[in-house]
Amino acid sequence: MNLDAVTDELYSLPPQEFTTTRGTRENEARAAGDRKLAAAIHLLLRPTTAAWLANQLVREHLDEMDRFLDLGVVLREATATLRGEQLRELDQQNAGWCTP
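This structure is a prediction, so every number in the text was calculated from the model and none was measured. (Residues numbered from 1 in each chain as written. Predicted model: local features only at pLDDT ≥ 70, side-chain atom pairs only at ≥ 80, totals over all residues. Heavy atoms only, no water.)

Draft legend 1. Examining the packing of aromatic side chains more closely. Across all of its chains, the model carries one aromatic pair by this definition. An angle of 45° between the planes, with centres 5.2 Å apart, marks the rings of Y11 and F18 as tilted. Across this residue pair, the class does not change: Y11 and F18 are buried. (Phe/Tyr/Trp six-rings, centres within 6.5 Å; stacked < 30°, edge-to-face > 60°. Buried < 20%, exposed > 50% of the residue type's maximum accessible area, 1.4 Å probe, protein only.)

Draft legend 2. Structural detail: the environment of T79. Looking at the element boundaries, T79 is found in helix α5 (residues 65–80). A sequence separation of 56 residues divides T79 from G23, and the C-alpha atoms of the two residues are 43 Å apart. (Helix = DSSP H or I, 4+ residues; strand = E, 2+ residues; numbered from the N terminus.)

Draft legend 3. Local environment of the environment of E77. Inspection of the secondary structure puts E77 in helix α5. Given a relative accessible area of 44%, E77 falls into the partly exposed group. Along the primary structure E77 and E60 are separated by 17 residues, whereas in three dimensions their C-alpha atoms are 27 Å apart.

Draft legend 4. Expanded view of the side chain of R25. Take R25: it is sitting in helix α2 (residues 15–31). Note on R25: relative accessible area 19%, which makes it buried. If sequence neighbours within four positions are ignored, R25 has contacts with M1, V6, E9 and I41. (Contact = heavy atoms within 4.5 Å.)

Draft legend 5. Seen up close, the side chain of E26. Position of E26 among the secondary structure elements: in helix α2. Using a relative accessible area of 12% as the deciding quantity, one classes E26 as buried.

Okay, here's the thing in structure tokens:
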């Protein structure tokens, strides 16, 4: 067990499982005599819902991230200038983007 593997595992879990699993991994590291690893695991913070969602998006749809980030830029520009026509057009263009 190493910190990278534990971190990857924890941040792939649903948020409600994070704290319990972190405690389990911390106890396992301590039982194996690795106090430094146990302390590092203890410091890992449960992600906010928004951070968890962003993490899952990257994990599950990495190949679509450039398109998603480009869409964010265009949406910010359109909302900043309040161009309703452009927003409606973007809505039509991206209607099926996040459908399974």
